[in-house]
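Chain residues, written in single-letter form:
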Amino acid sequence: MKPLPLAAAMASFWLVSGPPPAAAADPAYLDDRSSPEALVRSLYNAINRKEYARAYAYFSTPPAATLEDYAAGYADTESVEVVAGLASQEGAAGSVYYALPVAILAQDGSGEDQVFAGCYTMRLADPLVQTTPFTPLHIEEAHLSPADGPPRDALPTACGDAPPQEEGNILFEQAKKIFATLYGDECRTGADAPSAPQHHVIPYNYAYEEEDTPPHEAHMFRFFCNVGAYNETHAYLMTDGRGQLLPLRFATPELDIRYENDDMEGAVEEMRIIGYTSDDLLVNSEFDPDTLEITSSAKWRGLGDASASGTWLFRSGVFTLVKYEADASYDGEVNPELLVDYYSTP
């Protein structure tokens, strides 16, 4: 089998299909058969929503003798999270068969976790030759067994005859698909992007852990988004503590700027922070792997005399805003005012 270049990607390949066991709203309804990953995500979305008839219907061969028996198998399951690897495909007799590595974390009503890992086999008969009733992509069989460790570690490196995949390669391919899905309408993706994504592996520990605790690893991906006359934007994806690939969002001050005589070309009378927003695209940003800082510097006009810049520091698994300054005067001079500083010594 060969690795599958899937056109339809998920918003997240850690595929969190349900809420944590605490009181939370049901996950939004998802019924997507556009790719093997999407189908598996939809399956566990149905299970987390207790919609067992829908989950049962994703299989071509019933996974249990009756729907009641299938539902009974999940009677003590509170929630399920699933992580998928890279699908592989093989054509045979007018159909395409897919093999997808999968690992799940199932939590029961008492809060106990159990990990299972294995492979899903799926089939799609050629849509061009099908008649009614049309048969969409469906699950032929699934083989999961109890596994040790977190789902990301338990995930099989390959299924069927596909070559084993390294974790970094799997995450990289997943990150590219997630980026294309989330930002395809506003960013240049794929072959249109002028530069390849950057991939950084960042070791870290939580503040509450002992000094000799083995470090965790965060995988961060920086994607070029777009470029204008004097600014370019980037988006970032990073794995969280469970290995879930998510877009990074950056705390950014919201400014109230008052100009003399309400003239933006005049002197700045007052500039103050009135709150904070959350941005997922940074302007003219860079990541420094030595200092673990992401910096951004946005020009408000081409001269660069009016601008805003920020610094976000990575610590304990997250990026925190530690410095922000802005130059709101369009006076031809570069004279920023420091507005946030949790970085300098007193």
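Rules of the game
- Residues numbered from 1 in each chain as written.
- Predicted model: local features only at pLDDT ≥ 70, side-chain atom pairs only at ≥ 80, totals over all residues.
- Heavy atoms only, no water.
- Helix = DSSP H or I, 4+ residues; strand = E, 2+ residues; numbered from the N terminus.
- Contact = heavy atoms within 4.5 Å.
- Areas by Shrake-Rupley, 256 points an atom, 1.4 Å probe, with all protein chains shown as cover.
- Lys, Arg positive; Asp, Glu negative; His and termini not counted.
- Charge placed at Lys NZ, Arg CZ, Asp CG, Glu CD.
- pLDDT = per-residue confidence, 0-100.
- Patch = residues over 30% accessible without salt bridge, like charges linked within 9 Å, V, L, I, M, F, W, Y side chains within 5 Å.
- Salt bridge = Lys/Arg side-chain N within 4 Å of Asp/Glu carboxyl O.
- Core = buried A, V, L, I, M, F, W, Y, C linked by side-chain atoms within 4.5 Å.
- Buried < 20%, exposed > 50% of the residue type's maximum accessible area, 1.4 Å probe, protein only.
- Expected span 1.5 Å × (residues − 1).

(A) Local environment of the overall build of the protein chain. Broken down by element type, the protein chain carries five helices and 18 strands. Excluding contacts between residues fewer than 6 apart, the proportion of contacts in the protein chain whose partners are at least 24 apart in sequence is 53%. When the accessible area of the protein chain is evaluated, it comes to approximately 17,600 Å², of which 50% is carbon and sulfur surface. In the protein chain, which carries 20 positive and 54 negative side-chain charges, the distance between the mean positions of the two groups comes to 6 Å.

(B) Representation of the confidence of the model for the protein chain in the model. Confidence in the prediction of the protein chain, expressed as mean pLDDT, is 87, and 90% of residues score 70 or more. When pLDDT is averaged over each helix and strand of the protein chain, the minimum, 41, is found for strand β1 (residues 2-3) and the maximum, 97, for helix α2 (residues 52-57). Confidence drops under pLDDT 50 across residues 1-23; counting only partners more than four residues distant or on other chains, this segment forms 85 contacts.

(C) Structural view of a negative patch on the surface. A surface patch of negative charge is lined by Glu260, Asp262, Asp263, Glu265 and Glu269. As for its placement among the helices and strands, glutamate 265 is situated in the loop between β11 (250-259) and β12 (268-279).

(D) Spotlight on the nonpolar core. Grouped together as the largest cluster of nonpolar side chains are 26 residues, with contacts concentrated most on Leu43, Tyr44, Ile47, Tyr70 and Met122. Per-element tally for this core: the top contributor is helix α1 (residues 36-48), with six residues. Counting residues in hydrophobic clusters, the runner-up holds 24 residues, among them Ile202, Phe287, Ala328 and Val340.

(E) Main features of α1. Between its first and last C-alpha atoms α1 spans 19 Å; for 13 residues at 1.5 Å apiece the expected length is 18 Å, and the two agree. Most of α1 sits out of view: 12 of its 13 residues are buried. Residues Pro36, Glu37, Ala38, Leu39, Val40, Ser42, Leu43, Tyr44, Asn45, Ala46, Ile47 and Asn48 constitute the buried set of α1. Buried-residue contacts for α1 involve α2, α3 (67-72), β2 (77-84), β4 (95-108), β5 (113-125) and β6 (138-147). At the C-terminal side of α1, lysine 50 shows a positive phi close to 65 degrees.

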